[in-house]
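So the chains spell out like this:
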Amino acid sequence: MSAPGRPQALIPEPHGGEGTPVSAPGRSQALIPEPLGGEATPVSALPGTPAALLGPWLKGYPGTGPASPAAGLAALGWRLLADDLPMPLAVLRQSALQHNIAWMQAFARDRGLDLAPHGKTTMSPELFRRQLDAGAWGITFATVGQLRVGVLAGVRRALIANQVQQRADLDALAALLAATPGLRVAFLVDSLAQLMQIEAWSRRTGPAPALDVLLEVGIAGGRTGTRDHAQALALARALRASPAVRLVGIECYEGLGVAGDDAVDRPAAHALMDRVQALARAADQENLFEAEEVLLSAGGSAIFDLVAGGLRMALGRPLRGLLRSGCYVTHDHGHYRRLLEQVVRRCGCPTTLQPALEVWTHVQSVPEPGLALLTGGRRDLSFDIELPRPVAWSAAGSTLARPAALAWRVTALNDQHAHLRWDPSAGPGVEVGDRIGLGISHPCTTFDKWRWMPVVDDDYRIVDAITTCF
Ligand SMILES: Cc1ncc(COP(=O)(O)O)c(C=O)c1O
């Protein structure tokens with residue numbers, strides 16, 4: 001049985017021929033209740049497809065709950081703060097999610113740009129669909145494997161904001177393009193050496209449509225990307241001359257060295273965009289672009305306002321400017337929150353992004369005054385930029401959430417525990433059975449710790465769910 005809308009050609013048969021069903025890992029029939037409605041809904045449906053089931057085999061799903069497709073969860077009437085679901089549990093706030101998707105779409109539209117949100121942040125088919133439904137031009141990925149997930153979710157325009165040169169990836173990309181009518185993908189090239197790898201692959205593979213590429217402009221001391229104009233222009237000429245690729249645009253990423261200081265970030269972003277524009281102009285004059293429409297792309301979620309202006313310029317052919325912000329979709333309570341304050345100040349925006357992602361935990365022990373242990377740790381929360389911070393508190397037995405005390409601090413994370421500390425002489429702290437909502441800093445590395453997340457309303461009722469495919 002196949003998932004609805006699943007393009008057969010993209011999913012090779014398992015070795016051994018027979019369509020071995022992909023069942024939920026370790027799912028024991030005796031322990032897993034029948035799906036809602038009793039019907040034998042296939043467990044083989046791909047995550048993110050409407051038929052895919054969520055169930056007790058997933059972290060954070062009620063152990064006695066019925067398996068259900070994401071769309072069926074609202075009908076179950078579960079409430080996070082009625083303790084219907086076990087914690088830790090990462091949840092997405094519906095109102096903030098909707099606000100952020102609309103906010104960034106409007107930001108791009110108001111500047112004459114399009115959005116190709118970076119999908120690596122969430123790797124969630126349901127969120128890709130929400131972003132596309134809101135008007136995103138396409139979705140960006142970091143690898144061909146991520147792209148495949150997006151294509152299965154219905155993405156038909158995509159950037160791979162990364163170099164592609166391995167044979168296995170080029171084979172997979174070519175197969176995906178051949179099997180998916182209307183699919184358009186462009187990936188990054190930043191060296192003649194990479195081009196030679198692609199050409200060698202192309203010669204081995206035989207005649208095939210040329211692959212669309214963007215030439216990457218990089219920053220000295222940074223990551224990938226050409227380092228100077230002469231090198232970039234020489235590469236653009238080589239790309240034009242190659243039958244294996246078509247040069248369709250220029251790409252850069254300004255987000256790596258963000259200082260959070262206007263005096264540093266503004267000139268750095270402008271210098272980068274000046275280089276992108278100089279290269280686009282030179283390539284246009286030499287007729288090096290091989291597309292009706294040239295793509296110019298930049299933009300993460302930190303200082304996207306400083307590069308947005310550079311994505312518009314006059315060329316001899318139509319131009320599409322693409323922002324690739326990814327983390328904006330959930331925003332956060334730390335790193336991006338601080339950076340957005342500056343974006344909003346610089347742009348004079350009347351509103352800003354809202355943190356949509358919280359990881360809820362139970363207070364499981366208060367072993368000494370001023371120290372509580374929470375049921376969530378490194379397996380559940382990101383800590384690559386900074387530790388999470390308590391943002392909401394719900395007393396044991398209550399279904400109301402209140403702001404957490406400002407003085408409460410998460411001071412350490414173990415694999416399964418967070419250490420919450422407060423000054424016991426300054427007032428009451430938390431008690432066993434209380435619930436603490438943790439705000440995170442950097443959403444990407446929290447998403448990859450969850451196979452699903454409920455979407456909650458402002459009273460923490462479960463109204464929907466998303467899945468992730470990392
Ligand atoms: C090349 C590239 N583009 C866009 C983004 C998206 O930036 P952000 O995660 O700040 O939304 C990233 C993130 O790492 C990136 O590496």
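These figures come from a predicted structure and were not determined experimentally.

The rules behind these values
- Residues numbered from 1 in each chain as written.
- Predicted model: local features only at pLDDT ≥ 70, side-chain atom pairs only at ≥ 80, totals over all residues.
- Helix = DSSP H or I, 4+ residues; strand = E, 2+ residues; numbered from the N terminus.
- Rg over C-alpha atoms; globule rule 2.2 N^0.38 Å.
- Buried ≥ 20, exposed ≤ 12 C-beta atoms within 10 Å, placed from the backbone.
- Near = placed C-beta within 6 Å.
- Nonpolar A, V, L, I, M, F, W, Y, C, P; charged D, E, K, R; others polar.
- Contact = placed C-beta atoms within 7 Å.
- Pairing = 2+ DSSP bridges.
- Axes fitted to C-alpha atoms, helices over the stretch in contact; angles between N-to-C directions.
- Domains from an automatic or database assignment.
- Core = buried A, V, L, I, M, F, W, Y, C linked by C-beta atoms within 7 Å.
- Parallel < 35°, antiparallel > 145°, perpendicular 65-115°, else oblique.
- Left-handed = near helix turned anticlockwise from the far one by under 90°.

**Q** Would you mind going over the overall build of the protein with me for this structure?
**A** A tally of helices and strands in the protein yields 10 helices and 20 strands. By the compact-globule yardstick of 23 Å for 470 residues, the protein fits well, its C-alpha radius of gyration being 24 Å. Judged by the C-alpha coordinates and their principal axes, the protein covers about 70 × 60 × 35 Å. Burial status across the protein gives 44% buried among its 470 residues.

**Q** Is there a simple way to explain the site of the ligand in this structure?
**A** Surveying the vicinity of the ligand reveals the residues His118, Thr121, Ala161, Tyr253, Gly255, Gly300, Ser301, Ala302, Arg324, Ser325, Gly326 and Cys327. Here the residues of the shell around the ligand sort into four nonpolar, seven polar and one charged.

**Q** What is the right way to read the environment of Ala158 from this model?
**A** Assignment of secondary structure puts Ala158 in strand 6 (residues 157-163). Between the alpha carbons of Ala158 and Leu215 there is a distance of 15 Å; along the sequence they are 57 residues apart. If sequence neighbours within four positions are ignored, Ala158 has contacts with Gly138, Ile139, Thr140, Phe141, Leu147, Gly150 and Val185.

**Q** Sorry if this is basic, but what is going on with the sheet that holds strand 6 here?
**A** One open sheet accounts for eight strands, arranged 4-11-10-9-8-7-6-5; its pairing is parallel. Of all the strands in the sheet, the pair left with one neighbour each is strand 4 (114-115) and strand 5 (139-141). Bridge count between strand 7 (residues 184-189) and strand 8 (residues 211-216): four bridges; the pairing is parallel. Its bridge partner lying in strand 8, Phe187 is registered against Val213. Each of strand 9 (245-251) and strand 10 (294-298) touches helix 7 (residues 262-285); the most contacted strand, strand 10, lies at about 170° to it.

**Q** Looking at this structure, I do not really get the domain arrangement of the protein. What am I missing?
**A** Many authors give the size of an interface as the accessible area that is lost as the parts come together. Per the domain assignment, the segments of the protein are domain 1 (29-93 + 333-470) and domain 2 (118-325). Relative placement of domain 1 and domain 2: their C-alpha centres are 34 Å apart. At the interface, 18 residues of domain 1 touch 18 residues of domain 2. Listed by contribution, the elements that provide at least two residues to the side of domain 1 that touches domain 2 are helix 9 (335-347), helix 10 (444-447) and strand 20 (462-467). Looking at the side of domain 1 that touches domain 2 element by element, the count peaks at seven residues for helix 9. When the residues that make up the side of domain 1 that touches domain 2 are grouped by side-chain class, the tally is 12 nonpolar, four polar and two charged.

**Q** What's the story with the nonpolar core in this structure? I'm lost.
**A** For soluble globular proteins, the rule of thumb is that nonpolar side chains tend to be buried together. Of all hydrophobic cores here, the largest spans 129 residues; its most connected members are Ile160, Val213, Leu215 and Val276. Here this core takes seven residues from helix 7, the largest share from any one element. Split by domain, this core shows at least three residues from each of two domains, domain 1 (29-93 + 333-470) and domain 2 (118-325). Leaving out residues up to four positions away in the same chain, Val276 has contacts with Val217, Ile250, Cys252, Leu296, Ala298 and Gly310.

**Q** Explanation requested: the packing of helix 3 (residues 144-152) against helix 4 (residues 167-179) in the structure shown.
**A** If you want to describe how two helices pack, look at the angle between their axes and the distance between the axes. Where helix 3 contacts helix 4, the axes come no closer than 10 Å and their chain directions differ by 20°. Between helix 3 and helix 4, the angle is such that the two are roughly parallel. Seen along the crossing, helix 3 lies across helix 4 with a hand that is left-handed. Residues Val144, Leu147, Arg148 and Val151 of helix 3 touch helix 4, and the partners they reach there are Asp169, Ala172, Leu173 and Leu176. For the contact of helix 3 with helix 4, a count of residues per class yields six nonpolar, no polar and two charged.

**Q** Where do I start with the packing of helix 6 (residues 229-241) against helix 7 in this structure?
**A** Viewed as axis vectors pointing N to C, helix 6 and helix 7 meet at an angle of 40°, and their least axial separation amounts to 10 Å. Considering how the two elements wind past one another, helix 6 and helix 7 form a crossing that is right-handed. Across the interface between the two elements, His229, Ala232, Leu233 and Ala236 of helix 6 pack against Arg275, Ala278, Leu279, Ala282 and Ala283 of helix 7. In the contact of helix 6 with helix 7, the residues fall into seven nonpolar, one polar and one charged.

**Q** How should the environment of Ile466 be read in this particular structure?
**A** Inspection of the secondary structure assignment puts Ile466 in strand 20. Note: C-alpha distance between Ile466 and Trp137 (329 residues apart in sequence) is 21 Å. Dropping the residues within four chain positions of it, Ile466 is found in contact with Ala70, Leu92, Ser124, Glu126, Leu127, Trp452, Met453 and Val455.

**Q** Sorry, what's going on with helix 3 here?
**A** Because each turn of an α-helix spans 3.6 residues, side chains separated by three or four positions end up pointing in the same direction. Counting buried positions over the nine residues of helix 3 gives eight, a clear majority of the element. All buried positions along helix 3 are accounted for by Val144, Gln146, Leu147, Arg148, Val149, Gly150, Val151 and Leu152. Where helix 3 is buried, its residues touch helix 2 (125-133), strand 5, strand 6, helix 4 and strand 7. Two residues or fewer past helix 3, Gly154 is found with a positive phi of approximately 110°.

**Q** Honestly, unusual backbone geometry in this entry has me stumped. Any pointers?
**A** Working note: non-glycine residues mostly have negative phi, and peptide bonds are mostly trans. Of the consecutive residues Met87 and Pro88, the connecting peptide bond is found in the cis state with omega at 20°. Here Pro88 lies in the loop between strand 2 (68-69) and strand 3 (89-93). With a phi angle near 60°, Asp83 is a residue other than glycine that sits in the positive phi range. Within the secondary structure, Asp83 sits in the loop between strand 2 and strand 3. Its 17 C-beta neighbours within 10 Å are what place Asp83 among the partly exposed residues.

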